[in-house]
Amino acid sequence: MKQTPRQRLVWAALTMTVAATIWTALNDEQADEVQVAAARPQGSRNDVKGPSKSRTSAEARPAGANSLDVARLQRAPWQDSEHNLFGGGQLVAQAETAQQPIVQQAMEIPPLPFTYAGKLEDHGQFTVFLSLGEKNVSVKTGDVVGDWKIKEINPSRMILSYQPLRADVPLMIGESY
C-alpha cells in the first residue's frame, strides 16, 4: 500500500505529538524533583544520601507551606435559621401544610364525550356534527352542550372549552379542502 503525501503528513504530526508528550512528562518529573529538593532544609541527612524513592507529604510541600493555618480558613456554620434557605425552615413549612386539611382535590379535564361525525360549511360558517352516545348534535361557534362550550371552529379543528375549569381542548375535525 502506497502512502500519499497527506498520510505522511498525518504520521509526522502524530509522531511529533507523541514525542512532545513524552518530553513534557520527563520535564515535569524533573521539575518535581527540583521543588522537593528546594523544600528540604539545608542540614538534612537526605541531602547526603540522595533522593529517596518514597516521599512523605512534608517533603512534597512547596516552600512556605508550613506557615498556612488551615483552621483560620474554615468558616463557622451559619446559625440564622430564619434566612437559611436550606436549613430547618423546610420542617416548619411541612408542619404547617400537614395541619391544614386538603379540601380541594386536583380537578382534571375529563375526556371529550363527543365523537366527530362530520361538518358542513355554509357561506363561511361551519356546522359540526357530533355524537354524544346515541344522541347526535349539530353545533356552531358559541353553542353550549353540557359543560362544554364551542369556542372556535376551523376547517381542521375545533376548540371546546370545559366550563368548570375554563380549559380549552382541541378536537381534530379533518383537513381543509
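Look up a bit, the structure's there.
Quick summary incoming for the structure in this document. (Residues numbered from 1 in each chain as written. Predicted model: local features only at pLDDT ≥ 70, side-chain atom pairs only at ≥ 80, totals over all residues. Heavy atoms only, no water.)

Points about the packing of aromatic side chains
The final tally for this structure, using the stated rule, is one aromatic pair. Ring centres of W148 and Y162 lie 5.0 Å apart, and the angle between their planes is 50°; this geometry places the pair in the tilted category. On the criterion of sequence distance, the pair formed by W148 in strand β5 (residues 148–153) and Y162 in strand β6 (residues 157–162) is long-range, its members being 14 residues apart. Relative accessible area serves as the criterion here: at 11%, Y162 is assigned to the buried category. (Phe/Tyr/Trp six-rings, centres within 6.5 Å; stacked < 30°, edge-to-face > 60°. Helix = DSSP H or I, 4+ residues; strand = E, 2+ residues; numbered from the N terminus. Buried < 20%, exposed > 50% of the residue type's maximum accessible area, 1.4 Å probe, protein only.)

Here's the deal with the pattern of salt bridges
When charged atoms on two side chains of opposite charge get close, those side chains can pair. Applying the stated rule across the entire model yields one salt bridge. One salt bridge connects D168 with K151, and the closest N-O pair in it is separated by 3.1 Å. Of this pair, D168 sits in strand β7 (residues 167–172) while K151 sits in strand β5; the two residues are 17 residues apart in sequence, bridging distant segments of the chain. A residue is classified by how much of its surface remains accessible, and D168, at 42% relative accessible area, is partly exposed. Among the residues examined, K151 registers a relative accessible area of 43% and is labelled partly exposed. (Salt bridge = Lys/Arg side-chain N within 4 Å of Asp/Glu carboxyl O.)

Structural notes on the environment of I153
You can see I153 is positioned in strand β5. For the pair I153 and F126, spaced 27 residues apart in sequence, the C-alpha separation works out to 6.7 Å. Beyond its immediate sequence surroundings of up to four residues, I153 is in contact with F126, V128, V139, K140, T141, M158 and I173. (Contact = heavy atoms within 4.5 Å.)

Brief notes about unusual backbone geometry
Here the phi dihedral of H123 falls at roughly 55°; this positive angle occurs in a residue that is not glycine. Mapped onto the fold, H123 is located in the loop between β1 (115–122) and β2 (125–132). Its identity as a non-glycine residue notwithstanding, R166 has a phi of 55°, on the positive side. Here R166 is to be found in the loop between β6 and β7. A relative accessible area of 72% means that R166 is categorised as exposed.

With respect to the side chain of S161
Along the polypeptide, S161 turns up in strand β6. In contact with S161, other than residues within four places in its own chain, are D147, W148, K149, K151, R166, A167 and D168.

Some details on the sheet that holds β2
Reading across the sheet, the three strands line up as β1-β2-β3 and stay open at both edges, with antiparallel pairing between neighbours. Either end of the sheet is taken by a strand with one partner, and the two such strands are β1 and β3 (135–139). Neighbour-to-neighbour, the strand axes of this sheet turn through a mean angle of 20°, independent of strand direction. (Pairing = 2+ DSSP bridges. Axes fitted to C-alpha atoms, helices over the stretch in contact; angles between N-to-C directions.)

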